[in-house]
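# Tertiary structure, described
Here's the letter readout for the chains.
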Amino acid sequence: MVETARRAFAHTAWTGGKFLLVVGVFIAYLAYPPAAWILEINSVHVDYAVAGVPPMIEVDRVIHQNFEGEWTATVMKKGTRGFYTYCTATGANDYRPDAELPDNLNLDWWTWPTTCVLPAGTYKVKTLWVIHLPMFPDKEVRNVSNVFEVR
C-alpha cells in the first residue's frame, strides 16, 4: 500500500512538473516576442541616381514598440563575380513608434554620419538592426534593398 502511494505521488509530481515546464515555456515565449512584433521593415527601395548625388530612398517600416538598437548599413557594389562591400556605416538609435523618417530621405541620411559617394555602377543596400531588449537576448532584423543603378 505504501509502495502504491509512493508511485502515485511520483507520477503526480512528474506530470505536474511537465505541466509547469510547458506553462513556463509558453510564458517565456509571450514575454520574448518575435522581432517583427517590435520592428517591421517591409521594404527599402533605392532610386536610380547620378554619380556623386546621393540616391533617394523610400522605406516602408513600422516600429511597434520602444527599443534601443544598433544598425549597420552596407552599400554593396556589383563587380565581375557578384556584389562586394563598397561602403559601411554603423550607428545606434532610440526607436519609438511615433518616429518618422524625413520627407527627403536619401542615402546620406541612411548612412549618416558616413557619406558613401557612389560612382557609376550597380548597387544594393543591406541593413541590419540589432534590437536590445532588457533581460532578453538581442534580436535582429535584416533587409536587402532593390538593385539600383548610378549613372
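Structure first, text after, so check above.
These numbers come from a predicted model, not from an experiment.

A count of helices and strands for the protein chain gives two helices and seven strands. Ordered by position from the N terminus, the helices and strands of the protein chain form the series α-β-β-β-β-α-β-β-β. Across the 151 residues that make up the protein chain, the buried fraction comes to 31%. Long-range pairs, those at least 24 residues apart, make up 64% of the contacts in the protein chain with a sequence separation of at least 6. When the accessible surface of the protein chain is totalled, it reaches about 9900 Å², and 60% of it is carbon and sulfur.

Within the element layout of this structure, T127 appears in strand β5 (residues 121-132). Judged by relative accessible area, T127 falls into the buried class, the value being 4%. Among the polar contacts made by the side chain of T127, one reaches the side chain of W110 at a distance of 3.1 Å. The residues touching T127, leaving out its near neighbours within four places in the chain, are T72, A73, W110, V141, R142 and N143.

Turning our attention to the state of the cysteines. According to the stated counting rule, one finds one disulfide in the structure shown. Covalently, C87 is tied to C116 through a disulfide, its sulfur atoms 2.0 Å apart. Of note, the bridge from C87 to C116 carries an S-S torsion of about -70° and is left-handed in sense. Placement of the pair is C87 in strand β4 (residues 82-95) and C116 in the loop between α2 (107-110) and β5, with a sequence separation of 29 residues. Pair check on accessibility: C87 and C116 agree, each one buried.

Turning our eyes to something else, we now look at the layout of surface pockets. It is a probe the size of a water molecule, rolled over the atoms, that shows where empty space is left. Within this model, the largest pocket holds a volume of roughly 330 Å³. Lining the largest pocket are 19 residues; nearest its centre among them are R61, W71, N93, Y95 and W109. Those elements giving two or more residues to the lining of the largest pocket turn out to be β1 (39-46), β3 (67-79), β4, α2 and β5. Broken down by element, the lining of the largest pocket gets its largest block of residues, five residues, from β4. By residue class, the composition of the lining of the largest pocket is twelve nonpolar, three polar and four charged. A volume near 190 Å³ is recorded for the second largest pocket. As for the second largest pocket, its lining consists of 15 residues, and the residues nearest its centre are V59, R61, L101, P102 and L105.

Parameters at a glance
Every chain's residues receive numbers from 1 upward, in the order its sequence appears when written. Where totals are concerned, whole chains, interfaces and linings use all residues; where local detail is concerned, this predicted model gives features only for residues with pLDDT of at least 70, and gives and counts side-chain atom pairs only at 80 or more. As a rule here, side-chain values cover all heavy atoms of the structure and leave hydrogens and water aside. Secondary structure follows DSSP: runs of H or I at least 4 residues long count as helices, runs of E at least 2 residues long count as strands, and numbering of each begins at the N terminus. Classification of residues uses two cut-offs on accessible area relative to the type maximum, computed with a 1.4 Å probe and protein chains only: under 20% is buried, over 50% is exposed, and between them is partly exposed. In this description, contact between two residues means that some pair of their heavy atoms is separated by no more than 4.5 Å. In short, Shrake-Rupley with a 1.4 Å probe defines the accessible areas, and a residue's cover is counted only from the protein chains shown. We define a polar contact as two N or O atoms separated by no more than 3.5 Å, with the added condition that, inside protein, one atom must be a possible hydrogen donor and the other a possible acceptor, whereas residues neighbouring each other in sequence contribute only through side-chain atom pairs. By definition, disulfides here are pairs of cysteine sulfur atoms that lie within 2.5 Å. Put simply, the grid is 1 Å and covers the protein atoms alone, a cavity is a trapped set of points that fit a 1.4 Å probe, a pocket is an open set with protein on both sides within 12 Å along at least five of seven lines, and lining residues have an atom within 4 Å of a point. Grid points are joined across faces, edges and corners, and a volume is the space filled by probe spheres set on the points. In this count, Pro and Cys sit with the nonpolar residues alongside Ala, Val, Leu, Ile, Met, Phe, Trp and Tyr, while Asp, Glu, Lys and Arg are called charged and the others, Gly among them, polar.

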